[in-house]
Amino acid sequence: MNYATPQIEELFLNFDMECEKAIEYTKGEYNLMRAGRANPKLVENIKVDYYGAPTPINQMGNISIPEPRCLVISLWDKSALKLVEKAILSANIGVTPQNDGTVIRLTFPVLTEERRKELVKQVKKLAEDTKVVLRNARRSVMDGLKKEKAAKTVSEDLISDYEQEVDKQLAKQIEAVDKLAKEKEADVMSV
């Protein structure tokens, strides 16, 4: 779409960036939600005090998933196993690590029906929070368009077209959030 002024173009660029950030954040949060399956994202950002430097686990070794409910962390430096085990325990991710001297195993319990329903509530809440962020981004664009309209730099017809364009883009973004939430909800509820 062509924009009449650089200010309007900047409004739309900021809107797109804010929407993209909100949706990426939501995807990241959904990836961290445990759905009864092992997910390397749960541990890869846990920092271990390794030779005096906080080091993420994914930079200290390999994280694999030999079976759906089990994560195996094999470190390149076996002397750091105790440090990694301690860091996982202090991260409080809800799983107790088992150190057998060569690798660390994390076995995730099967989710109860009650826990699944609780997770679905979290999924829906996060989706609603994301929609609020998207609507706030829309509001800032609309305020900017009103300023342009008041300054009479652009015709009212063009402003009306831009407002419709913002509403269309917002509807697409909200649809994307709803789709993400439905997928995650189905993932959580599948046994």
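Refer to the preceding data block for the structure.
Given the structure is predicted, the values throughout are model-derived calculations rather than measurements.

What follows covers the pattern of salt bridges. Inspection of every chain in the model, using the stated rule, returns six salt bridges. A salt bridge links Glu128 to Lys131; the nearest nitrogen and oxygen atoms lie 3.4 Å apart. Here Lys131 and Glu128 lie together in helix α3 (residues 113–151), a separation of three residues that amounts to about one turn. Asp167 is the partner of Arg138 in a salt bridge, and the nearest nitrogen-oxygen pair spans 2.6 Å. Highlighted residues: Arg138 in helix α3 and Asp167 in helix α4 (residues 156–189), separated in sequence by 29 residues. Judged by relative accessible area, Arg138 falls into the partly exposed class, the value being 26%. Here the salt bridges share partners, and the residues they tie into one network are Glu128, Lys131 and Asp178.

All right, on to the nonpolar core then. Core analysis: the largest hydrophobic core is formed by 26 residues, its most contacted members being Ile8, Phe15, Tyr30, Leu134, Leu145 and Val166. Sorting the residues of this core by element identifies α1 (6–32), α3 and α4 as the ones contributing at least two each. Filtering out sequence-adjacent residues up to four positions away, Phe15 remains in contact with Leu134, Ala137, Arg138, Val141, Val166, Gln169 and Leu170.

Attention shifts here to the packing of aromatic side chains. In total, this model carries two aromatic pairs according to the counting rule given. Aromatic side chains Phe12 and Tyr162 sit 5.9 Å apart centroid to centroid with 65 degrees between the ring planes, which places their arrangement in the edge-to-face category. Placement of the pair is Phe12 in helix α1 and Tyr162 in helix α4, with a sequence separation of 150 residues. Comparing Phe12 with Tyr162 shows no difference in burial state: the two are buried.

Rules and cut-offs
- Residues numbered from 1 in each chain as written.
- Predicted model: local features only at pLDDT ≥ 70, side-chain atom pairs only at ≥ 80, totals over all residues.
- Heavy atoms only, no water.
- Salt bridge = Lys/Arg side-chain N within 4 Å of Asp/Glu carboxyl O.
- Helix = DSSP H or I, 4+ residues; strand = E, 2+ residues; numbered from the N terminus.
- Buried < 20%, exposed > 50% of the residue type's maximum accessible area, 1.4 Å probe, protein only.
- Core = buried A, V, L, I, M, F, W, Y, C linked by side-chain atoms within 4.5 Å.
- Contact = heavy atoms within 4.5 Å.
- Phe/Tyr/Trp six-rings, centres within 6.5 Å; stacked < 30°, edge-to-face > 60°.

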